Amino acid sequence: MGWNSWNAHSCTVTEDDVRAAADALVETGLRDAGYEYVVVDDCWMADGTDGAGRLRADPDDFPSGMAALADYVHDRGLRFGLYSSAGSHTCQGYPASLGRERTHAEQFADWGVDYLKYDNCGDHRGRDAVDRYAAMGEALAAVDRPIVYSICEWGRSNPWEWGYNVGGHCWRVTDDAVATWHTGDDEFGLGIADIVDRVAALDIAAAQAPGGWNDPDMLQVGNGPDSAQSQHEPTDIERPLSTVENRTHFAFWCLLGAPLFVGTDLTGVSDDLLDLLTNEHLLAIDQDPLGLQGTPDRRDPTAEVWSKRLADGAAVALWNRGAEEREIRTHVDDTSVPTAGDRYTVRDCWSGEAWETHGTLSGTVEPRGTAVFRVSPVQ
Ligand code: GLA
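Participant: Help me understand the nonpolar core, please; the structure alone is not making it clear to me.
Facilitator: One recurring pattern in soluble globular proteins: nonpolar side chains tend to sit buried together. Membership of the largest hydrophobic core comes to 91 residues, with the highest contact counts inside it found for Tyr35, Trp44, Phe108 and Phe250. Counting 15 residues, the second largest nonpolar core, distinct from the first, contains Ala303, Val305, Val332 and Val365.

Written as structure tokens, this is what we have:
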């Protein structure tokens, strides 16, 4: 869990933005809720490497340098992350790490980096993904500092099959999530509903376990009309996320047990958004010790039921995909809830209210909304 600069600042990120994000994580209570890593995405580097092939921080945008920025982040009880790519260049055309993995991994460790997001852009020089990502995995394993290795290969070569074996702790399973509900256009990136559809179709829940996570991309929560964080005017296919869409987005990422990287500008963040990002019931579902990925139990064009087995029961989500408010109903027997006896406690993760059921679970759900219940057998 943490914050990443990309969705909020894209290629304009500066060290002041990163410091402000670190301060905001502390002041808003997000750090104490578990958001721990502060990751600088693409565009932190200067053009060209130094004589030894090392990366250099952009002298205008990061004048204090990365070691100083890491110190600033660490001093606030947070961890520090950087970005590079398994190619000649990053996606925005800056120098990257293919062929210089050892040098860069040592550099990252010297700077105090705790997390590396490793993208898939640039010239691959004829090397396949496993080879390229294994090279950085080995380099990170060889340095004297634990560094979380976040593989960002967009799911092109099934990283869920090899990511863990090359030292990865998580692997992106799709193209980029954009701050809208549905794009209908892969070239543009995927809307939130599109990502959930893609994850369902991939059917890769079995690849996930503690320490090796399927990553449906960083959160776009807050990058909508509530926050004015979008970097550009919405295009024809992009319409920022509404309040209800933000909630469904966050609920699904928790149900998937996904890495949670807030991607919105936290300076001046609203209380409503903070309430969502710190919802203790949803965070407990995301962080459940079994570390499983939620899976669909029922999908139809208007209503879906998803569930995720938890250490003491399961989370069940009822997602209204239609245009009208509707009641969605299921039964524990048709979900991942471990069935035992005939009494279950149910907690509504939005209201916090709890009740008992003999097995039926139902909720009245607004269009695009999601009811989320935590369900456990009564002992
Ligand atoms: C790719 C990644 C994104 C982001 C950008 C930066 O698109 O998938 O998450 O890191 O590059 O350029």
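Participant: What should I look at first to understand the packing of helix α8 (residues 192-202) against helix α9 (residues 243-255) in this one?
Facilitator: The packing of two helices is summarised by the inter-axis angle and the distance between the axes. Following both chains from N to C, one finds α8 and α9 inclined at 25°, their axes separated by 10 Å at the closest point. Considered as vectors, α8 and α9 are oriented roughly parallel to each other. The hand of the α8/α9 crossing is left-handed. For the pair α8 and α9, contact is made by Ile192, Ile195 and Val196 and by His249, Phe252 and Trp253, respectively. Each residue belonging to the contact of α8 with α9 can be placed in one class, and the counts come to five nonpolar, one polar and no charged.

Participant: Explanation requested: the sheet that holds strand β14 (residues 354-357) in the structure shown.
Facilitator: Either a parallel or an antiparallel arrangement is found when strands of a sheet pair, and the pairing is made through backbone hydrogen bonds. Read from one edge of the open sheet, six strands run β9-β10-β11-β16-β13-β14, paired in antiparallel fashion. Looking at the sheet topology across the chains shown, the edges are occupied by β9 (295-299) and β14. Each neighbouring strand pair of the sheet contributes to a mean axis angle of 25°, computed without reference to strand direction. Sheet topology note: the strand β13 (residues 344-348)/β14 ladder contains four bridges and is antiparallel. Pairing of Tyr344 across the sheet is with Thr357, part of β14. Its contacts with the sheet place α8 against β9, β10 (303-310) and β11 (313-320), and it is angled at close to 100° to β9. On top of the sheet, α9 reaches β10, β11 and β16 (370-377); it is set at about 40° to β10, its chief contact.

Participant: Even after reading the chapter, I still don't get the state of the cysteines, so can you show me in this structure?
Facilitator: A disulfide bridge is the covalent bond that connects two cysteines by way of their sulfur atoms. What the rule picks out here adds up to two disulfides. Here Cys11 pairs with Cys43 through a disulfide, and the sulfurs are 1.8 Å apart. In this structure the cystine formed by Cys11 and Cys43 twists about its S-S bond by roughly -100°; its chirality is therefore left-handed. Of this pair, Cys11 sits in the loop between α1 (6-9) and α2 (15-27) while Cys43 is found in the loop between β2 (37-39) and α4 (66-75), placing the two residues 32 residues apart along the sequence.

Participant: Could you clarify how one ought to interpret the pattern of salt bridges in this entry?
Facilitator: Two side chains that carry opposite charge are able to pair once their charged atoms sit near each other. Tallied over the full model, the rule gives 20 salt bridges. A salt bridge links Arg79 to Glu36; the nearest nitrogen and oxygen atoms lie 2.7 Å apart. Here Arg79, found in strand β3 (residues 79-85), pairs with Glu36, found in the loop between α3 (30-33) and β2; they are 43 residues apart in sequence, far enough to count as distant. Assessed through its relative accessible area of 36%, Arg79 is described here as partly exposed. Taking relative accessible area as the criterion, Glu36 reaches 27% and is therefore assigned partly exposed. Its salt-bridge partner being Arg299, residue Glu304 comes within 3.1 Å of it at the nearest N-O pair. We classify Arg299 as partly exposed; its relative accessible area is 37%.

Analysis parameters
- Per chain, the residues get numbers from 1 upward, laid out in the order the sequence is written.
- The predicted nature of this model means local features are confined to residues of pLDDT at least 70 and side-chain atom pairs, given and counted, to a pLDDT of 80 or more, with totals for whole chains, interfaces and linings taken over all residues.
- Only heavy atoms go into the side-chain values, all of them from the structure, while hydrogens and water stay out.
- The term nonpolar core refers to a set of buried residues drawn from Ala, Val, Leu, Ile, Met, Phe, Trp, Tyr and Cys, joined through side-chain atoms within 4.5 Å.
- Between buried and exposed lies partly exposed: a residue is buried under 20% and exposed over 50% of the maximum accessible area for its type, with that area taken using a 1.4 Å probe on protein chains only.
- A fitted line through C-alpha atoms serves as each axis, taken over the contacting stretch for helices, and the angle formed by two N-to-C directions is quoted from 0 to 180°.
- To qualify as a helix, a DSSP run of H or I must reach at least 4 residues; to qualify as a strand, a run of E must reach at least 2; elements of each kind are numbered from the N terminus.
- Small angles under 35 degrees read as roughly parallel and large ones over 145 as roughly antiparallel, with 65 to 115 read as roughly perpendicular and the rest as oblique.
- By convention, the crossing between two helices is left-handed when the near helix turns anticlockwise from the far helix through less than a right angle, and right-handed when the turn is clockwise.
- Residues are treated as being in contact if the distance between any of their heavy atoms lies within 4.5 Å.
- Only Asp, Glu, Lys and Arg are considered charged, only Ala, Val, Leu, Ile, Met, Phe, Trp, Tyr, Cys and Pro nonpolar, and every remaining residue, Gly among them, polar.
- One requirement defines pairing of two strands: DSSP has to find at least two bridges between them.
- Note that a disulfide, as used here, is simply two cysteine sulfur atoms within 2.5 Å.
- Salt bridges are identified by distance alone: a Lys or Arg side-chain nitrogen within 4 Å of an Asp or Glu carboxyl oxygen.

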